[in-house]
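Read off the chains here:
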Amino acid sequence: WPTTTGGAATTAGEASTAGGGTETTTGGGVVTVLHPGVDLERWRPDPLPDGPPRALVLGALVRWKRPDVALEVAARIPELRLEIAGAPIAGDGTELVERLQARAGAPDLAGRVELLGAVEDPRRALARAHCLLHCADAEPYGLALVEALAAGRPVVAPDAGGPREIVVDGAGRLYPPGDVAKAA
């Protein structure tokens, strides 16, 4: 809810706990935007799982989030297991899911990719993963990235938009948007 005090405005997401903020000076004063955060009491780091490397894609299953890039990253890393957690929303629907399922069934990915659908609690999926793989070329913020970091998982994400602000030194790795080779 925006609040104004003496020429300065502050806006906050409904779950603003550990999200940090950005200050901008405008003609009318300073505007501070507080990004949504997560409850750090609920999001405690888990030890990394045993077994082969496992990446998690977490978010709505929509074209602009580029789940196709995640599949191509997995195809370049033969030992990588990939879980895609999320459900389609209006506009992308079954066509996108069918294309992802077809690609996941190709010989180079067969048996290594699981489309989980919607997950009630992403903490369990993050606990099974070694990292969060985020592929949206133009993510405005990326709450899933904040959740992954709070759960102790590094993030691999495009160097653009929200991920550029969230994934700082030691928190993961950024790659040029859409660049499968650099993401891998």
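Preceding block: the structure.
Residues numbered from 1 in each chain as written. Predicted model: local features only at pLDDT ≥ 70, side-chain atom pairs only at ≥ 80, totals over all residues. Heavy atoms only, no water.

Novice: Describe the overall build of the protein chain, naming the residues involved and giving the relevant values.
Specialist: Counting its regular elements, the protein chain contains 6 helices and 10 strands. Counting only residues that meet the buried cut, the protein chain has 38% of its 184 residues in that class. Summarising the internal contacts of the protein chain: among those between residues at least 6 apart in sequence, 59% fall at separations of at least 24. Accessible area for the protein chain stands at about 9,600 Å²; split by element, carbon and sulfur atoms hold 55% of it. (Helix = DSSP H or I, 4+ residues; strand = E, 2+ residues; numbered from the N terminus. Buried < 20%, exposed > 50% of the residue type's maximum accessible area, 1.4 Å probe, protein only. Contact = heavy atoms within 4.5 Å. Areas by Shrake-Rupley, 256 points an atom, 1.4 Å probe, with all protein chains shown as cover.)

Novice: Outline the pairing of strand β10 (residues 172-175), listing residues and values.
Specialist: Strand direction decides the pairing type here: strand β9 (residues 155-158) and β10, joined by 4 bridges, are parallel. Its bridge partner lying in β10, V156 is registered against R173. In the classification by handedness, the crossover that spans β9, the intervening helix α5 (residues 161-166) and the parallel β10 is right-handed. (Pairing = 2+ DSSP bridges. Right-handed = clockwise from strand over helix to strand, strands pointing away.)

Novice: Let's hear about unusual backbone geometry: which residues, and what values?
Specialist: Positioned with a positive phi, R66 is a non-glycine residue whose angle comes to about 60°. Secondary-structure assignment places R66 in the loop between β5 (54-58) and α1 (67-76). With a relative accessible area of 24%, R66 lands in the partly exposed category.

Novice: If you had to explain the sheet that holds strand β7 (residues 113-117) to someone new, which residues and values would you point to?
Specialist: Taken together, the 6 strands give an open sheet; going across it, the order is β7-β6-β5-β8-β9-β10, and neighbouring strands pair in parallel fashion. Two strands close off the open sheet at either side, each with one partner strand: β7 and β10. Across this sheet, the average inter-strand angle for adjacent strands is 25°, counted without regard to direction. Across 2 bridges, the pairing between β5 and strand β8 (residues 131-133) is parallel. When the bridges of β8 are listed, L56 appears paired with L132. On the sheet, α1 packs against β5, β6 (81-85), β7, β8 and β10 and is oriented at approximately 170° with respect to β6. Here helix α4 (residues 143-150) sits on the sheet and contacts β5, β8 and β9; the angle it forms with β9, its principal contact strand, is near 160°. (Axes fitted to C-alpha atoms, helices over the stretch in contact; angles between N-to-C directions.)

Without other data, these values stay purely geometric and don't point to any function.
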